[in-house]
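Chains, contacts and geometry: an overview
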Amino acid sequence: TPISNFEAGLNYKDVRDPAVVVSFPVVGMEEEGVNLVAWTTTPWTLPSNLALCVHPTLEYIQILDKKSGKRYVLAKSRVSQLYPQIKSKKFKKETLPDIYTVEKTFVGKDLVGWKYQPLFDFFANEPDSPQYFRVLSDTYVTDDSGTGIVHQ
């Protein structure tokens, strides 16, 4: 069609996909202020996703961010997702304690069943909602990008 021909002739460009890092407050734990950090390249799915997923054998850490005072849980190997400056050749490792401290370590399967507060409560009153908004595990989760926690 004429419109298809026009669109095919447009100046297509490579663009970066949107990616966001989102923190989800953990609920129902003795310790308050702990947040699970997920990374997604499909931010438009944030309102409809019902779970977070971790790799069962991957190592995760809980850190205390010195600047904000918040606690975050993510894959140990993916801390640079939150603090990209630590990958810089100019970064001085002795300044790391000024940025964050590691408070706890976990294996992914230890996080299974944790509940979290969703960003949106669209599904909060659904009949199956007590099963929503919790951590699951599966081996498809990797630590080659993101935070090691997938929003699904």
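All of the points below concern the structure found in this document. Since we're looking at a predicted model, the values are computed, not measured. (Residues numbered from 1 in each chain as written. Predicted model: local features only at pLDDT ≥ 70, side-chain atom pairs only at ≥ 80, totals over all residues. Heavy atoms only, no water.)

Points about the overall build of the protein chain
Secondary structure assignment for the protein chain yields three helices and nine strands. Start at the N end of the protein chain and walk to the C end: the helices and strands fall as α-β-β-β-β-β-α-β-α-β-β-β. Its C-alpha atoms give the protein chain a radius of gyration of 19 Å, more than 25% over the compact-globule value 15 Å for 152 residues. Overall size of the protein chain, expressed as C-alpha extent along the three principal axes, is 60 × 55 × 30 Å. By the burial criterion, 35% of the 152 residues in the protein chain qualify as buried. Only carbon and sulfur atoms are counted for the fraction: they give 52% of the accessible area of the protein chain, which is about 9,800 Å². Measuring between centres, the 17 positive side-chain charges of the protein chain sit 9 Å from its 18 negative side-chain charges. (Helix = DSSP H or I, 4+ residues; strand = E, 2+ residues; numbered from the N terminus. Rg over C-alpha atoms; globule rule 2.2 N^0.38 Å. Buried < 20%, exposed > 50% of the residue type's maximum accessible area, 1.4 Å probe, protein only. Areas by Shrake-Rupley, 256 points an atom, 1.4 Å probe, with all protein chains shown as cover. Lys, Arg positive; Asp, Glu negative; His and termini not counted. Charge placed at Lys NZ, Arg CZ, Asp CG, Glu CD.)

A short note on the side chain of arginine 134
Structurally, the position occupied by arginine 134 is in strand S8 (residues 134–137). What makes arginine 134 buried here is its relative accessible area of 18%. Discounting residues that sit within four places of it in the chain, arginine 134 has contacts with Leu50, Ala51, Leu52, Gly113, Trp114, Lys115 and Tyr116. (Contact = heavy atoms within 4.5 Å.)

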